[in-house]
Amino acid sequence: MKRIQMLQEKRAGVVNDIKALLDAAQAENRVFTEQENGKYDALITQQNELQNQIDKEVQALELERGLADNVADKKEVKVENIAATAFENFLKTGTAQSALTQGTGSEGGYLVPTEVLSDELVTPIDELSLMRQLATVVPVKAAQSLGVVGVAGDFDDADWTDEINTGVSEDELTFNKRDLTPKDLAKSVRVSRKLIRNTAGTAATLVLNRLNAKFAATEEKAFAVGSGVGQPLGVFVASNDGIATSRDVTAAGTTAITYSDLVKLFYNVPQSVRAKGSFMMHSNVMASIVDMKDSTGRPIFVESVKEGVPGTLFGRPVYTNDYAPETIAANAYTIVFGDFSKYWVAPAEEMTVQTLLEKYADTNQIGYIGRQEVDGAPIQSAAFSRLKMAAS
(Lines give C-alpha, C1' and ligand atoms only; values in the text may rest on other atoms or scores of the structure.)
Protein backbone atom coordinates (compact mmCIF):
# COMPACT_ATOMS: atom_id res chain seq x y z
CA MET A 1 0.00 0.00 0.00
CA LYS A 2 2.86 2.40 0.83
CA ARG A 3 4.38 1.87 -2.61
CA ILE A 4 1.04 2.53 -4.30
CA GLN A 5 0.63 5.72 -2.28
CA MET A 6 4.16 6.79 -3.18
CA LEU A 7 3.47 6.23 -6.90
CA GLN A 8 0.18 8.11 -6.67
CA GLU A 9 1.90 11.06 -5.01
CA LYS A 10 4.61 11.02 -7.66
CA ARG A 11 2.00 10.94 -10.43
CA ALA A 12 0.14 13.84 -8.79
CA GLY A 13 3.37 15.83 -8.89
CA VAL A 14 3.82 15.11 -12.60
CA VAL A 15 0.23 16.15 -13.31
CA ASN A 16 0.86 19.41 -11.45
CA ASP A 17 3.97 19.98 -13.57
CA ILE A 18 1.90 19.46 -16.74
CA LYS A 19 -0.70 21.92 -15.55
CA ALA A 20 2.02 24.45 -14.66
CA LEU A 21 3.38 24.27 -18.21
CA LEU A 22 -0.08 24.85 -19.70
CA ASP A 23 -0.83 27.67 -17.27
CA ALA A 24 2.46 29.43 -18.01
CA ALA A 25 1.83 29.42 -21.76
CA GLN A 26 -1.75 30.55 -21.30
CA ALA A 27 -0.76 33.36 -18.93
CA GLU A 28 1.70 34.72 -21.52
CA ASN A 29 -0.76 34.16 -24.41
CA ARG A 30 1.66 32.00 -26.37
CA VAL A 31 2.19 28.47 -27.62
CA PHE A 32 4.80 26.10 -26.26
CA THR A 33 8.43 26.62 -27.16
CA GLU A 34 10.31 23.68 -28.64
CA GLN A 35 11.86 23.00 -25.23
CA GLU A 36 8.45 23.13 -23.56
CA ASN A 37 7.00 20.79 -26.18
CA GLY A 38 9.71 18.27 -25.37
CA LYS A 39 9.14 18.65 -21.64
CA TYR A 40 5.36 18.31 -22.08
CA ASP A 41 5.74 15.09 -24.10
CA ALA A 42 8.18 13.69 -21.52
CA LEU A 43 5.80 14.50 -18.65
CA ILE A 44 2.86 12.89 -20.45
CA THR A 45 4.95 9.76 -21.01
CA GLN A 46 6.04 9.75 -17.36
CA GLN A 47 2.44 10.18 -16.19
CA ASN A 48 1.29 7.26 -18.37
CA GLU A 49 4.12 5.05 -17.11
CA LEU A 50 3.31 5.87 -13.49
CA GLN A 51 -0.38 5.17 -14.03
CA ASN A 52 0.44 1.83 -15.65
CA GLN A 53 2.69 0.95 -12.72
CA ILE A 54 -0.02 1.94 -10.23
CA ASP A 55 -2.51 -0.28 -12.07
CA LYS A 56 -0.08 -3.20 -11.90
CA GLU A 57 0.59 -2.65 -8.19
CA VAL A 58 -3.13 -2.54 -7.45
CA GLN A 59 -3.70 -5.68 -9.49
CA ALA A 60 -0.90 -7.49 -7.64
CA LEU A 61 -2.36 -6.41 -4.31
CA GLU A 62 -5.76 -7.75 -5.28
CA LEU A 63 -4.22 -11.07 -6.33
CA GLU A 64 -2.54 -11.34 -2.94
CA ARG A 65 -5.82 -10.66 -1.20
CA GLY A 66 -7.51 -13.27 -3.36
CA LEU A 67 -4.94 -15.90 -2.40
CA ALA A 68 -5.32 -15.02 1.25
CA ASP A 69 -9.05 -15.60 0.99
CA ASN A 70 -8.49 -18.91 -0.81
CA VAL A 71 -10.52 -17.86 -3.84
CA ALA A 72 -7.86 -18.26 -6.50
CA ASP A 73 -9.88 -21.04 -8.17
CA LYS A 74 -12.99 -18.87 -8.47
CA LYS A 75 -13.57 -16.21 -11.11
CA GLU A 76 -15.28 -13.82 -8.78
CA VAL A 77 -15.27 -10.05 -8.95
CA LYS A 78 -16.07 -8.32 -5.66
CA VAL A 79 -17.33 -4.87 -4.92
CA GLU A 80 -14.51 -3.91 -2.63
CA ASN A 81 -15.98 -1.75 0.09
CA ILE A 82 -19.01 -0.68 2.05
CA ALA A 83 -19.51 2.24 -0.31
CA ALA A 84 -20.27 -0.14 -3.17
CA THR A 85 -22.84 -1.97 -1.09
CA ALA A 86 -24.43 1.33 -0.17
CA PHE A 87 -24.53 2.38 -3.83
CA GLU A 88 -26.19 -0.92 -4.74
CA ASN A 89 -28.78 -0.30 -2.03
CA PHE A 90 -29.27 3.24 -3.35
CA LEU A 91 -30.11 1.92 -6.81
CA LYS A 92 -32.70 -0.44 -5.34
CA THR A 93 -34.28 1.81 -2.72
CA GLY A 94 -33.18 5.38 -3.38
CA THR A 95 -31.72 5.52 0.14
CA ALA A 96 -28.02 6.22 0.64
CA GLN A 97 -25.62 6.93 3.46
CA SER A 98 -24.98 10.65 3.77
CA ALA A 99 -21.26 10.14 3.18
CA LEU A 100 -22.04 8.97 -0.36
CA THR A 101 -24.54 11.65 -1.28
CA GLN A 102 -23.37 14.45 -3.53
CA GLY A 103 -26.69 16.28 -3.54
CA THR A 104 -30.37 15.76 -2.88
CA GLY A 105 -32.97 15.86 -5.63
CA SER A 106 -36.71 16.18 -5.22
CA GLU A 107 -37.19 12.62 -6.44
CA GLY A 108 -34.11 10.94 -5.04
CA GLY A 109 -30.49 11.37 -4.02
CA TYR A 110 -27.43 11.80 -6.22
CA LEU A 111 -24.37 9.61 -6.00
CA VAL A 112 -20.93 9.58 -7.56
CA PRO A 113 -20.40 5.93 -8.58
CA THR A 114 -17.07 6.04 -10.41
CA GLU A 115 -14.96 5.44 -7.29
CA VAL A 116 -17.27 2.80 -5.89
CA LEU A 117 -17.18 0.05 -8.51
CA SER A 118 -14.12 -1.50 -10.08
CA ASP A 119 -13.54 -1.34 -13.83
CA GLU A 120 -13.97 -5.11 -13.95
CA LEU A 121 -17.65 -4.64 -13.15
CA VAL A 122 -18.37 -1.47 -15.06
CA THR A 123 -16.89 -0.89 -18.52
CA PRO A 124 -15.09 2.50 -18.44
CA ILE A 125 -16.48 4.98 -20.95
CA ASP A 126 -12.99 5.40 -22.44
CA GLU A 127 -13.13 1.78 -23.62
CA LEU A 128 -16.49 2.40 -25.31
CA SER A 129 -15.44 5.53 -27.18
CA LEU A 130 -13.01 5.34 -30.12
CA MET A 131 -12.42 9.09 -30.08
CA ARG A 132 -11.54 9.07 -26.38
CA GLN A 133 -8.93 6.39 -27.07
CA LEU A 134 -7.33 8.43 -29.87
CA ALA A 135 -7.80 11.90 -28.40
CA THR A 136 -6.06 13.68 -25.54
CA VAL A 137 -8.34 13.53 -22.50
CA VAL A 138 -7.81 16.41 -20.08
CA PRO A 139 -10.24 16.34 -17.11
CA VAL A 140 -11.63 19.69 -16.01
CA LYS A 141 -11.59 19.64 -12.22
CA ALA A 142 -11.49 22.87 -10.24
CA ALA A 143 -11.97 25.26 -13.17
CA GLN A 144 -15.21 25.64 -15.13
CA SER A 145 -13.42 25.47 -18.49
CA LEU A 146 -10.13 24.50 -20.08
CA GLY A 147 -8.32 27.18 -22.07
CA VAL A 148 -6.18 26.04 -24.99
CA VAL A 149 -3.75 28.56 -26.50
CA GLY A 150 -3.01 28.25 -30.21
CA VAL A 151 -1.35 30.18 -33.04
CA ALA A 152 -3.88 32.20 -35.03
CA GLY A 153 -1.43 33.75 -37.48
CA ASP A 154 2.07 32.36 -38.03
CA PHE A 155 5.04 33.73 -39.96
CA ASP A 156 7.38 32.14 -42.50
CA ASP A 157 10.56 30.25 -41.70
CA ALA A 158 13.78 32.11 -40.86
CA ASP A 159 15.90 33.67 -43.62
CA TRP A 160 19.58 33.07 -44.36
CA THR A 161 21.31 36.41 -43.93
CA ASP A 162 24.49 38.04 -42.63
CA GLU A 163 25.35 39.24 -39.18
CA ILE A 164 23.91 42.75 -39.56
CA ASN A 165 20.62 41.93 -41.30
CA THR A 166 17.52 40.54 -39.62
CA GLY A 167 15.79 38.87 -42.53
CA VAL A 168 12.58 39.76 -44.33
CA SER A 169 10.06 41.66 -42.22
CA GLU A 170 6.98 39.63 -41.47
CA ASP A 171 3.55 40.10 -40.01
CA GLU A 172 2.98 39.87 -36.31
CA LEU A 173 2.65 36.46 -34.69
CA THR A 174 -0.87 36.25 -33.29
CA PHE A 175 -2.53 33.86 -30.91
CA ASN A 176 -6.00 32.68 -30.08
CA LYS A 177 -7.53 30.90 -27.15
CA ARG A 178 -10.14 28.16 -27.31
CA ASP A 179 -12.19 27.34 -24.27
CA LEU A 180 -13.42 23.81 -23.70
CA THR A 181 -16.37 24.04 -21.34
CA PRO A 182 -17.96 20.71 -20.35
CA LYS A 183 -21.52 20.51 -21.70
CA ASP A 184 -24.35 18.77 -19.87
CA LEU A 185 -25.15 15.25 -20.98
CA ALA A 186 -28.03 13.23 -19.51
CA LYS A 187 -29.80 9.93 -20.06
CA SER A 188 -32.66 8.27 -18.24
CA VAL A 189 -33.36 4.53 -18.08
CA ARG A 190 -36.13 2.45 -16.53
CA VAL A 191 -35.64 -0.97 -14.98
CA SER A 192 -38.19 -3.45 -13.65
CA ARG A 193 -38.38 -3.48 -9.85
CA LYS A 194 -38.49 -7.27 -9.99
CA LEU A 195 -35.31 -7.37 -12.06
CA ILE A 196 -33.52 -5.00 -9.66
CA ARG A 197 -34.66 -7.08 -6.70
CA ASN A 198 -33.53 -10.35 -8.23
CA THR A 199 -30.17 -9.32 -9.65
CA ALA A 200 -28.32 -10.53 -6.55
CA GLY A 201 -25.91 -7.63 -6.26
CA THR A 202 -25.48 -6.76 -9.93
CA ALA A 203 -28.03 -3.94 -10.16
CA ALA A 204 -25.27 -1.33 -10.08
CA THR A 205 -23.43 -3.01 -12.93
CA LEU A 206 -26.58 -3.26 -15.00
CA VAL A 207 -27.52 0.41 -14.61
CA LEU A 208 -24.04 1.91 -14.93
CA ASN A 209 -23.05 -0.15 -17.96
CA ARG A 210 -26.18 0.94 -19.80
CA LEU A 211 -25.65 4.58 -18.86
CA ASN A 212 -21.99 4.37 -19.91
CA ALA A 213 -23.03 2.89 -23.25
CA LYS A 214 -25.53 5.68 -23.85
CA PHE A 215 -23.08 8.40 -22.84
CA ALA A 216 -20.38 6.88 -25.05
CA ALA A 217 -22.70 6.75 -28.08
CA THR A 218 -23.79 10.38 -27.67
CA GLU A 219 -20.22 11.56 -27.09
CA GLU A 220 -18.89 9.63 -30.07
CA LYS A 221 -21.46 11.16 -32.40
CA ALA A 222 -20.66 14.67 -31.16
CA PHE A 223 -16.89 14.13 -31.44
CA ALA A 224 -17.52 13.23 -35.09
CA VAL A 225 -20.31 15.56 -36.25
CA GLY A 226 -21.17 17.77 -33.26
CA SER A 227 -21.99 21.41 -34.02
CA GLY A 228 -20.01 22.87 -31.12
CA VAL A 229 -23.13 24.66 -29.86
CA GLY A 230 -24.21 23.12 -26.57
CA GLN A 231 -22.17 20.04 -27.49
CA PRO A 232 -18.62 19.12 -28.57
CA LEU A 233 -17.32 20.19 -31.99
CA GLY A 234 -16.80 17.29 -34.40
CA VAL A 235 -13.90 16.62 -36.75
CA PHE A 236 -16.27 16.30 -39.74
CA VAL A 237 -17.67 19.80 -39.14
CA ALA A 238 -16.07 22.83 -40.77
CA SER A 239 -15.36 25.51 -38.20
CA ASN A 240 -12.72 28.13 -37.53
CA ASP A 241 -12.91 26.95 -33.91
CA GLY A 242 -11.95 23.44 -34.97
CA ILE A 243 -10.90 22.23 -38.44
CA ALA A 244 -11.21 25.08 -40.92
CA THR A 245 -12.22 24.69 -44.56
CA SER A 246 -8.62 25.49 -45.51
CA ARG A 247 -7.81 21.93 -44.42
CA ASP A 248 -10.25 20.43 -46.93
CA VAL A 249 -9.21 18.44 -49.99
CA THR A 250 -11.83 18.39 -52.73
CA ALA A 251 -12.37 15.02 -54.39
CA ALA A 252 -12.39 14.68 -58.16
CA GLY A 253 -15.93 13.33 -58.24
CA THR A 254 -19.23 13.62 -56.41
CA THR A 255 -20.08 9.98 -55.62
CA ALA A 256 -16.81 8.04 -55.84
CA ILE A 257 -13.45 8.35 -54.08
CA THR A 258 -10.33 7.81 -56.17
CA TYR A 259 -6.80 6.73 -55.35
CA SER A 260 -5.61 10.22 -56.29
CA ASP A 261 -8.06 11.74 -53.78
CA LEU A 262 -6.56 9.64 -50.99
CA VAL A 263 -3.01 10.58 -51.94
CA LYS A 264 -3.90 14.28 -51.85
CA LEU A 265 -5.63 13.84 -48.49
CA PHE A 266 -2.61 12.05 -47.02
CA TYR A 267 -0.07 14.62 -48.19
CA ASN A 268 -2.18 17.62 -47.18
CA VAL A 269 -0.58 17.58 -43.72
CA PRO A 270 3.06 18.03 -42.65
CA GLN A 271 5.37 15.03 -42.44
CA SER A 272 5.33 15.23 -38.65
CA VAL A 273 1.55 14.69 -38.71
CA ARG A 274 1.71 11.91 -41.31
CA ALA A 275 4.11 10.02 -39.06
CA LYS A 276 1.51 9.93 -36.27
CA GLY A 277 -1.72 10.29 -38.22
CA SER A 278 -4.74 8.01 -38.57
CA PHE A 279 -7.65 7.80 -40.99
CA MET A 280 -11.25 7.94 -39.79
CA MET A 281 -14.35 7.20 -41.86
CA HIS A 282 -17.71 5.45 -41.80
CA SER A 283 -17.84 1.72 -42.57
CA ASN A 284 -19.75 2.46 -45.78
CA VAL A 285 -16.96 4.73 -46.97
CA MET A 286 -14.39 2.14 -45.94
CA ALA A 287 -16.18 -0.49 -48.01
CA SER A 288 -15.85 1.70 -51.10
CA ILE A 289 -12.05 1.91 -50.90
CA VAL A 290 -11.02 -1.37 -49.27
CA ASP A 291 -10.44 -3.08 -52.63
CA MET A 292 -8.84 -0.06 -54.29
CA LYS A 293 -5.45 -0.59 -55.95
CA ASP A 294 -2.57 1.73 -56.73
CA SER A 295 -1.09 2.40 -60.18
CA THR A 296 0.91 -0.85 -59.97
CA GLY A 297 -2.12 -2.97 -59.16
CA ARG A 298 -1.32 -3.48 -55.46
CA PRO A 299 -4.08 -3.09 -52.85
CA ILE A 300 -3.64 0.17 -50.97
CA PHE A 301 -5.42 -1.09 -47.85
CA VAL A 302 -3.60 -3.70 -45.76
CA GLU A 303 -5.72 -5.81 -43.42
CA SER A 304 -4.32 -6.46 -39.96
CA VAL A 305 -3.67 -10.08 -39.00
CA LYS A 306 -3.81 -9.25 -35.30
CA GLU A 307 -7.11 -8.96 -33.48
CA GLY A 308 -7.81 -5.48 -32.15
CA VAL A 309 -5.22 -3.82 -34.40
CA PRO A 310 -6.62 -1.73 -37.29
CA GLY A 311 -5.67 -2.19 -40.91
CA THR A 312 -3.53 0.44 -42.60
CA LEU A 313 -3.69 2.81 -45.54
CA PHE A 314 -0.35 4.26 -46.68
CA GLY A 315 1.07 2.63 -43.57
CA ARG A 316 -1.21 4.51 -41.16
CA PRO A 317 -4.09 3.07 -39.07
CA VAL A 318 -7.63 3.19 -40.41
CA TYR A 319 -10.50 3.49 -37.92
CA THR A 320 -14.17 3.19 -38.75
CA ASN A 321 -16.61 5.37 -36.85
CA ASP A 322 -20.33 4.59 -37.05
CA TYR A 323 -21.13 8.26 -36.48
CA ALA A 324 -18.99 9.63 -39.30
CA PRO A 325 -20.87 10.71 -42.46
CA GLU A 326 -21.95 7.52 -44.23
CA THR A 327 -23.01 8.78 -47.66
CA ILE A 328 -20.61 9.59 -50.48
CA ALA A 329 -22.46 12.44 -52.14
CA ALA A 330 -21.88 15.91 -53.54
CA ASN A 331 -20.37 18.33 -50.99
CA ALA A 332 -20.24 15.64 -48.30
CA TYR A 333 -17.30 15.15 -45.96
CA THR A 334 -16.18 11.52 -46.09
CA ILE A 335 -12.72 10.98 -44.55
CA VAL A 336 -10.55 12.73 -41.98
CA PHE A 337 -6.82 12.07 -41.72
CA GLY A 338 -4.70 13.56 -38.99
CA ASP A 339 -3.16 13.38 -35.55
CA PHE A 340 -6.19 12.75 -33.34
CA SER A 341 -4.21 13.52 -30.19
CA LYS A 342 -4.82 17.12 -31.31
CA TYR A 343 -8.49 16.54 -30.56
CA TRP A 344 -8.98 17.29 -26.88
CA VAL A 345 -11.74 15.81 -24.75
CA ALA A 346 -12.48 17.75 -21.56
CA PRO A 347 -14.76 15.78 -19.23
CA ALA A 348 -15.91 17.02 -15.84
CA GLU A 349 -14.62 14.83 -13.07
CA GLU A 350 -17.78 13.08 -11.99
CA MET A 351 -20.87 11.29 -13.26
CA THR A 352 -23.96 11.38 -11.06
CA VAL A 353 -26.93 9.02 -10.86
CA GLN A 354 -30.39 9.95 -9.62
CA THR A 355 -32.99 7.36 -8.58
CA LEU A 356 -36.68 7.97 -9.38
CA LEU A 357 -38.65 5.68 -7.10
CA GLU A 358 -42.20 6.93 -7.62
CA LYS A 359 -42.31 8.32 -11.14
CA TYR A 360 -42.79 4.92 -12.80
CA ALA A 361 -44.63 3.21 -9.95
CA ASP A 362 -47.65 2.55 -12.19
CA THR A 363 -45.51 0.29 -14.41
CA ASN A 364 -43.61 -1.27 -11.47
CA GLN A 365 -40.33 0.22 -12.61
CA ILE A 366 -37.56 2.32 -11.09
CA GLY A 367 -36.10 5.18 -13.11
CA TYR A 368 -32.49 6.30 -13.14
CA ILE A 369 -31.03 9.49 -14.57
CA GLY A 370 -27.33 9.66 -15.30
CA ARG A 371 -25.68 13.03 -15.80
CA GLN A 372 -22.24 13.86 -17.09
CA GLU A 373 -20.43 16.91 -18.44
CA VAL A 374 -17.96 16.82 -21.31
CA ASP A 375 -16.65 18.96 -24.15
CA GLY A 376 -14.34 18.28 -27.05
CA ALA A 377 -12.85 19.99 -30.09
CA PRO A 378 -9.87 19.91 -32.44
CA ILE A 379 -7.26 22.25 -30.98
CA GLN A 380 -4.95 22.44 -33.99
CA SER A 381 -6.52 22.75 -37.43
CA ALA A 382 -3.23 22.08 -39.25
CA ALA A 383 -3.02 18.62 -37.69
CA PHE A 384 -5.94 17.42 -39.83
CA SER A 385 -6.87 16.96 -43.47
CA ARG A 386 -10.45 16.33 -44.55
CA LEU A 387 -11.83 14.92 -47.82
CA LYS A 388 -14.87 16.66 -49.24
CA MET A 389 -16.69 15.39 -52.31
CA ALA A 390 -16.96 17.69 -55.32
CA ALA A 391 -20.03 19.91 -55.63
CA SER A 392 -20.81 18.70 -59.15
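Now for a quick tour of the structure. (Residues numbered from 1 in each chain as written. Predicted model: local features only at pLDDT ≥ 70, side-chain atom pairs only at ≥ 80, totals over all residues. Heavy atoms only, no water.)

Our next topic: helix α1 (residues 2-27). The terminal C-alpha atoms of α1, which comprises 26 residues, lie 37 Å apart, in line with the 38 Å expected from a rise of 1.5 Å per residue. Inspection of α1 places I4, L7, V14, I18, L21 and A25 among the buried residues, and these make up the whole buried set. Looking one or two residues past α1, N29 carries a phi angle of roughly 55 degrees, positive in sign. (Helix = DSSP H or I, 4+ residues; strand = E, 2+ residues; numbered from the N terminus. Expected span 1.5 Å × (residues − 1). Buried < 20%, exposed > 50% of the residue type's maximum accessible area, 1.4 Å probe, protein only.)

Inspection of the secondary structure puts S304 in the loop between β9 (301-302) and β10 (312-313). Judged by its relative accessible area of 28%, S304 is partly exposed. Placed 13 residues apart in sequence, S304 and P317 show a C-alpha to C-alpha distance of 9.6 Å. A polar contact of 3.1 Å, which involves the side chain of S304, links it to the backbone nitrogen of K306. (Polar contact = N/O pair within 3.5 Å; in protein donor to acceptor, adjacent residues only side chain to side chain.)

This brings us to unusual backbone geometry. In most cases, non-glycine residues show a negative phi, while peptide bonds are predominantly trans. The backbone phi angle of F314 is positive, close to 55 degrees, even though this residue is not glycine. Position of F314 among the secondary structure elements: in the loop between β10 and β11 (316-320). Here the phi dihedral of N331 falls at roughly 70 degrees; this positive angle occurs in a residue that is not glycine. Here N331 is to be found in the loop between β11 and β12 (333-338). On the basis of relative accessible area, N331 is assigned to the partly exposed category, the value being 43%.

Applying the stated rule across the entire model yields ten aromatic pairs. Ring geometry for F223 against Y343: centres 5.6 Å apart, planes inclined by 65 degrees, an arrangement best described as edge-to-face. Here F223, found in helix α7 (residues 203-225), pairs with Y343, found in strand β13 (residues 343-347); they are 120 residues apart in sequence, far enough to count as distant. Looking at F223, the relative accessible area reads 0%, which means it is buried. Residue Y343 is classed as buried on the basis of its relative accessible area of 0%. Where F266 meets F279, the ring centres are 6.2 Å apart and the plane angle is 20 degrees; that geometry is what we call stacked. One end of the pair, F266, is in helix α8 (residues 259-266); the other, F279, is in strand β8 (residues 278-281), with 13 residues separating them in the sequence. Considered together, F266 and F279 belong to a single accessibility category, that of buried residues. Each member of the aromatic cluster is reached from another via a ring pair, and the members are Y259, F266, Y267, F279, F314 and F337. Directly above the aromatic system of F266 lies the positively charged group of R274, at a separation of 6.0 Å from the ring centroid. (Phe/Tyr/Trp six-rings, centres within 6.5 Å; stacked < 30°, edge-to-face > 60°. Lys NZ or Arg CZ within 6 Å of the ring centre and 35° of its normal.)

With respect to topology, seven strands assemble into an open sheet ordered β7-β16-β12-β8-β11-β10-β9, the strand pairing being mixed. With one partner strand each, in any of the chains shown, β7 (248-250) and β9 form the two edges of the open sheet. Pairing between β12 and strand β16 (residues 384-388): five bridges, direction antiparallel. Residue pairing in the sheet places G338 in a bridge with F384 of β16. (Pairing = 2+ DSSP bridges.)

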